[in-house]
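Coordinate inspection notes
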Amino acid sequence: MKTIQQHFTVAYSFPVIFTSDAFGAGSAALLRVLAGEGERPRVLTVIDSEVLRINPFLLEKLNRFAADHAAEVEILVPPLVMRGGEACKNEPGEVEKIHALVERHGLCRHSFILAIGGGAVLDAAGFAAATAHRGVRLVRMPTTTLSMNDAGVGVKNGVNAFGRKNFTGCFAPPFAVVNDFDFLRLLPARELRAGIAEAVKVALIRDRAFFDFLYASRALLAAFEPEVMQRMIVRCAELHLEHIATSGDPFEFGSSRPLDFGHWSAHKLEELTQGEIRHGEAVAIGIALDSLYSFELGMIGELDLRRIFATLEEIGFQLYHLALEWVDVEKSLRQFQEHLGGELSIPLLDGIGAKSDRHDIDAALYRKCIKTLASRRNQTEKSDDRKKLQLDLPGDPGHLLS
């Protein structure tokens, strides 16, 4: 018997750009990305339907950009409008539409797919780009807080299948990421808030100073103060990119996935509620649950736990949802392990700013933690009812409620 052992490495490099008015006459960032190699590439644009709904002039800006730079880049019109949110990841036909347009317009591996939208659209369009011709160049243009600081800067692409989140997918780095802060100006509060959960997550497992900043800035983040939001987004993206570059396992061949702190239950909540809970909202609940579990194991102290809860709640997150009661902990952990491969590995907090991978998980203790979150929620509702009653009663009714 003879064995030839093959070994090679591939270096990946791509820019993550932060700018404003990317389609404007005075902005060259996107043009440099698309036409930087001296070619006149063809570009298929995929746009999130929700982005178009709240940005009615986006198509006009795109058409003007295409006309102004027709000599350097050929932008195909009209763009493909893809349903926003998890809907585009649940329907295989959305990816097939992109494949069909790649074939119809004769795009090649030196062509581009420009994906403009939230994390779900970037995931689906990225999967289509990675599988057409085994890889058409993908430029991501994230439009939400969540996609700018997390989904848009990573190397993962995928769609849902068999009722499971991201069951079908691949690892394929983008050609470039262009973050245009102008998209945030028109986002509804719920979408602006959702992405902050990922910043809290990465701060808790990698950077105590960043968590301290988030804690100190929680009131400004709750008000979506632009300068603080932008600082949060850039640092969160830096930490995600730093992990991908330095962890030694960017394509997750092993079992450890520290960036999935708070995610095993978050993914299950999204599945159980069929997307009623946004990803960031589910992650906030997952962070609370895993932080509480870490506290029960003595890995963090009560003060740190209180600061974590205060940060999330004062930014505006709810830390409990009825669907938590429906989670089959053992089955969910088993499915999480199956998705990873290898032994079960759950990242937990080892103090603020550090994590420790745990493999022996106490399902009964997790159920206790779920009940604790439910109890906290009930106490909060009772307190809110008491305050409302005080406001409704004439005079000073405090003595009636003491």
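On to the nonpolar core. Soluble globular proteins tend to bury their nonpolar side chains together. Core analysis: the biggest nonpolar cluster contains 96 residues, and Phe-210 and Ile-308 have the highest contact counts within it. When residues in this core are grouped by element, the largest group, nine residues, is from helix 14 (residues 279–296). Ignoring anything within four residues of it in the chain, the contact list for Ile-308 reads Leu-204, Phe-211, Ile-287, Ser-291, Ile-300, Leu-349 and Ile-352. If you look at the next biggest cluster of nonpolar residues, it comprises 25 residues, including Val-46, Leu-80, Met-82 and Leu-138.

Now for the packing of helix 10 (residues 208–216) against helix 12 (residues 226–246). Any two packed helices are characterised by the angle at which their axes cross and by the distance between the axes. Relative to each other, helix 10 and helix 12 sit at 155 degrees, their axes nearing to 12 Å. By the angle between their directions, the pair helix 10 and helix 12 is classed as roughly antiparallel. Between helix 10 and helix 12 lies a crossing whose hand is left-handed. Side by side, helix 10 and helix 12 meet where Phe-210, Phe-213 and Leu-214 of the first sit next to Val-228, Arg-231, Met-232, Arg-235, Cys-236 and Leu-239 of the second. The residue inventory of the contact of helix 10 with helix 12, partitioned by class, reads seven nonpolar, no polar and two charged.

It is worth spelling out the environment of Gly-117 at this point. Mapped onto the elements of the fold, Gly-117 is located in strand 5 (residues 112–117). Judged by relative accessible area, Gly-117 falls into the buried class, the value being 0%. Between the alpha carbons of Gly-117 and Gly-353 there is a distance of 30 Å; along the sequence they are 236 residues apart. Among all residues touching Gly-117, those that are not within four sequence positions of it are Asp-48, Val-51, Leu-122, Met-141, Pro-142, Thr-143 and Ser-147.

Sheet topology note: the strand 10 (residues 346–349)/strand 11 (residues 355–358) ladder contains four bridges and is antiparallel. What sits directly across from Ile-346, in strand 11, is Arg-358. Linking strand 10 to strand 11, which pair antiparallel, is a turn of five residues; within it Gly-351 sits at a positive phi near 85 degrees.

Take the environment of Gly-119 next. Here Gly-119 shows up in helix 6 (residues 119–131). Residue Gly-119 is classed as buried on the basis of its relative accessible area of 15%. Along the backbone, Gly-119 and Lys-371 are 252 residues apart, and their C-alpha atoms lie at a distance of 31 Å. Beyond its immediate chain neighbours, meaning those up to four positions away, Gly-119 contacts Thr-144, Ser-147 and Ala-151.

In this section: unusual backbone geometry. Cis rather than trans, the peptide bond between Val-77 and Pro-78 has omega equal to -5 degrees. Positioned with a positive phi, Arg-134 is a non-glycine residue whose angle comes to about 60 degrees. On the basis of relative accessible area, Arg-134 is assigned to the exposed category, the value being 74%. Within the chain, Asn-166 stands out as a residue other than glycine whose phi angle is a positive 55 degrees.

Basis of the calculations
- Residues numbered from 1 in each chain as written.
- Predicted model: local features only at pLDDT ≥ 70, side-chain atom pairs only at ≥ 80, totals over all residues.
- Heavy atoms only, no water.
- Core = buried A, V, L, I, M, F, W, Y, C linked by side-chain atoms within 4.5 Å.
- Buried < 20%, exposed > 50% of the residue type's maximum accessible area, 1.4 Å probe, protein only.
- Helix = DSSP H or I, 4+ residues; strand = E, 2+ residues; numbered from the N terminus.
- Contact = heavy atoms within 4.5 Å.
- Axes fitted to C-alpha atoms, helices over the stretch in contact; angles between N-to-C directions.
- Parallel < 35°, antiparallel > 145°, perpendicular 65-115°, else oblique.
- Left-handed = near helix turned anticlockwise from the far one by under 90°.
- Nonpolar A, V, L, I, M, F, W, Y, C, P; charged D, E, K, R; others polar.
- Pairing = 2+ DSSP bridges.

Take it as geometry only, folks, not as evidence of what the structure does.
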